[in-house]
Amino acid sequence: MRNIISSQLEIGQVDIASIVIDVSSRDDIPLILLGLQHIYTSKLLKETVFKILQEVIPRKNKTGSDEIVAVASNRGRPGMEQWTILVLGTLRLALGADFDRLQELANEHRTLRMMLGHGIFDDKNYRLQTLRDNLKLFTPDIMDRINTEVICSGYQLLNLDVSASIKGRCDSFVLKTDGNYSAELSSPMKL
């Protein structure tokens, strides 16, 4: 049985819409988390994204045949929530991270754990095999479809026509610099 996201907050848990994300950080993780927070707080966008995520369900061989069928999503033990799959799958694809790095982030990154719905008293850790089994279904194709919906939502926020193109302009220039650094490299290091 795969839930979308638990709606009941537990002691020590922060509502995802209320998480304060450090926008002054130069790392890319806070920007990804801001985008995910926008998905969570926009009701229509959230519904659309979770319709896409319903396709991210495990498959198995049908008993007695070679046919592959979807696992019943309303029976069995609880699987990883769809919100968790969205957050961790987005991080994995956006960062180009392997499962080992993703496991470290999911278990140790404080803001990410709050975004996953864990409170300060929640000591749940994600196992490597669990991440592999659940996130291999979150493909770049699924991510592209979600990105398209997020972009359309952004157009609506800016009151732009979705079919209109956005034009941009960028100026750049090159500065001539002295590339001779050999004097710095050959000087003895002073302590």
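Data block above holds the structure.
In what follows, the accompanying structure is described.

## A few points about helix α4 (residues 99-108)
Looking at α4, one finds that the buried residues are F99, L102, L105, A106 and N107. On its buried side, α4 packs onto α1 (29-41), α3 (82-95), α5 (110-115) and α6 (128-135).

## So, unusual backbone geometry
The backbone of N159 shows a phi angle near 55 degrees, a positive value even though the residue is not glycine. Note that N159 resides in the loop between α7 (140-157) and α8 (182-186).

## As for the side chain of T84
Within the secondary structure layout, T84 lies in helix α3. The contacts of T84, once residues within four sequence positions are left out, are G89, L116 and Y126.

## Some remarks on a nonpolar patch on the surface
Among the surface-exposed residues, L157, L158 and L160 lie close enough to one another that they form a single nonpolar patch of about 320 Å² accessible area. Inspection of the secondary structure puts L157 in helix α7.

## Section: helix α2 (residues 43-53)
Those residues of α2 lying buried are L45, V49, F50, I52 and L53. Burial along α2 is one-sided: seen end-on, the buried residues are contained in an arc of 150 degrees. Within α2, the exposed residues directed more than 90 degrees away from the buried face are K43, L44 and K51. Those residues of α2 hidden inside the fold are in contact with α1, α3 and α7.

## A word on the packing of α3 against α6
Each pair of packed helices can be summarised by the angle the axes make with each other and by the distance between the axes. The N-to-C vectors of α3 and α6 enclose an angle of 90 degrees; their axes lie 11 Å apart at closest approach. Taken together, the axis directions place α3 and α6 in an arrangement best described as roughly perpendicular. Along the contact surface, α3 presents I85, L88, G89 and R92, while α6 presents L131, N134 and L135. Per-class residue counts for the contact of α3 with α6 are four nonpolar, two polar and one charged.

## Some thoughts on the packing of aromatic side chains
With the rule as written, the count across this model stands at two aromatic pairs. An aromatic cluster of at least three residues, connected via ring pairs, comprises Y40, F50 and W83. For the cation-ring pair, K46 lies above Y40, with the distance from its terminal atom to the ring centre recorded as 4.1 Å.

Each value, and the rule that gives it
- Residues numbered from 1 in each chain as written.
- Predicted model: local features only at pLDDT ≥ 70, side-chain atom pairs only at ≥ 80, totals over all residues.
- Heavy atoms only, no water.
- Buried < 20%, exposed > 50% of the residue type's maximum accessible area, 1.4 Å probe, protein only.
- Helix = DSSP H or I, 4+ residues; strand = E, 2+ residues; numbered from the N terminus.
- Contact = heavy atoms within 4.5 Å.
- Patch = residues over 30% accessible without salt bridge, like charges linked within 9 Å, V, L, I, M, F, W, Y side chains within 5 Å.
- Areas by Shrake-Rupley, 256 points an atom, 1.4 Å probe, with all protein chains shown as cover.
- Salt bridge = Lys/Arg side-chain N within 4 Å of Asp/Glu carboxyl O.
- Arc of directions from axis to C-beta.
- Axes fitted to C-alpha atoms, helices over the stretch in contact; angles between N-to-C directions.
- Parallel < 35°, antiparallel > 145°, perpendicular 65-115°, else oblique.
- Nonpolar A, V, L, I, M, F, W, Y, C, P; charged D, E, K, R; others polar.
- Phe/Tyr/Trp six-rings, centres within 6.5 Å; stacked < 30°, edge-to-face > 60°.
- Lys NZ or Arg CZ within 6 Å of the ring centre and 35° of its normal.

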